[in-house]
Amino acid sequence: SQQGEEDPQALSIQEGENATMNCSYKTSINNLQWYRQNSGRGLVHLILIRSNEREKHSGRLRVTLDTSKKSSSLLITASRAADTASYFCALTSGTYKYIFGTGTRLKVLA
Amino acid sequence: DVKVTQSSRYLVKRTGEKVFLECVQDMDHENMFWYRQDPGLGLRLIYFSYDVKMKEKGDIPEGYSVSREKKERFSLILESASTNQTSMYLCASSTPGDSLYEQYFGPGTRLTVT
């Protein structure tokens, strides 16, 4: 399967702690994106990292990409209760197609 | 503010009914997508469209068809709904390019087929 695989499937942390989730994939990619989904809602784009980039920051988010290992990680620093959501990586490796992972469910406890 | 809207948040239909799910985007995007989301399976692509009247099958097109008569509107059709089509349906749009850009998602339609 080309699907991205995310690890862990679920994560529970205390408010203020950092949360790290990982995405591994099998195909070559153009870019890799991370999305957040609040319960029962649509996905919201968080950050995009291109295949020639190694690290990218956006506010409390830090994304790394290792194309040799075919893996990416998303770090959320100083987590808040409002960060409770599911997080998905999405690969783009062709002209039109996005391949989504199965997601990590993050719960931030106040 | 960019927006993708879906015609219904919740929908209950009977087996064998024809079901229409509508999606409208106001960003003048060329690309539009329909996914279904099931627990443990993530998002799976049903169909996408890269232009008016153009469509391509995704990973799980069986039992579905689509229509794109206008740039802003992309419809998903379940010709004869079955219980295994009970799912969350998500519509998305994006701009084309050599490197695909972010997708904008609608709020989703939770369809139950009884």
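Residues numbered from 1 in each chain as written. Chains lettered and ligands numbered in written order. Predicted model: local features only at pLDDT ≥ 70, side-chain atom pairs only at ≥ 80, totals over all residues. Heavy atoms only, no water.

Participant: Is there a simple way to explain the overall build of chain A in this structure?
Facilitator: Helices and strands together make up the secondary structure of chain A, namely zero helices and 11 strands. Put simply, chain A runs from its N terminus to its C terminus through helices and strands in the order β-β-β-β-β-β-β-β-β-β-β. For 110 residues, the compact-globule estimate of 2.2 N^0.38 gives 13 Å, and the C-alpha radius of gyration of chain A, at 13 Å, lies within 12% of that figure. Expressed along its principal axes, the backbone C-alpha trace of chain A runs to roughly 40 × 30 × 20 Å. Entry remark: accessible area of chain A is about 5,200 Å², with carbon and sulfur atoms responsible for 43%. When the 14 positive and 9 negative side-chain charges of chain A are each reduced to one mean point, those points stand 6 Å apart. (Helix = DSSP H or I, 4+ residues; strand = E, 2+ residues; numbered from the N terminus. Rg over C-alpha atoms; globule rule 2.2 N^0.38 Å. Areas by Shrake-Rupley, 256 points an atom, 1.4 Å probe, with all protein chains shown as cover. Lys, Arg positive; Asp, Glu negative; His and termini not counted. Charge placed at Lys NZ, Arg CZ, Asp CG, Glu CD.)

Participant: Sorry if this is basic, but what is going on with the pattern of salt bridges here?
Facilitator: Working definition: two side chains of opposite charge can pair if their charged atoms are close together. All names here are of chain B. Under the definition given, this model contains 10 salt bridges over all chains. Salt-bridge contacts for Lys-71 lead to Asp-28; the nearest nitrogen and oxygen are separated by 3.0 Å. Here Lys-71 is found in the loop between strand E7 (64-70) and strand E8 (73-78), whereas its partner Asp-28 is found in the loop between strand E3 (19-25) and strand E4 (31-38), with 43 residues between them in sequence. For Lys-71, a relative accessible area of 24% puts it in the partly exposed group. Shared partners join several salt bridges into a network, and the residues in it are Asp-28, Glu-30 and Lys-71. (Salt bridge = Lys/Arg side-chain N within 4 Å of Asp/Glu carboxyl O. Buried < 20%, exposed > 50% of the residue type's maximum accessible area, 1.4 Å probe, protein only.)

Participant: I keep staring at the nonpolar core and nothing clicks. Help me out?
Facilitator: When a protein is soluble and globular, its nonpolar side chains tend to lie buried together. Grouped together as the largest cluster of nonpolar side chains are 23 residues, with contacts concentrated most on Met-21, Leu-32, Trp-34, Leu-74, Ile-76, Tyr-87 and Leu-106 of chain A. Contributions of two or more residues to this core are made by strand E3 (19-24), strand E4 (31-37), strand E5 (43-50), strand E7 (61-66), strand E8 (71-76), strand E9 (85-92) and strand E11 (104-109) of chain A. Of the residues forming this core, the biggest block, four residues, is contributed by E9 of chain A. Among the nonpolar cores identified, the runner-up in size contains 21 residues, and Leu-21, Met-27, Tyr-64 and Leu-78 of chain B belong to it. (Core = buried A, V, L, I, M, F, W, Y, C linked by side-chain atoms within 4.5 Å.)

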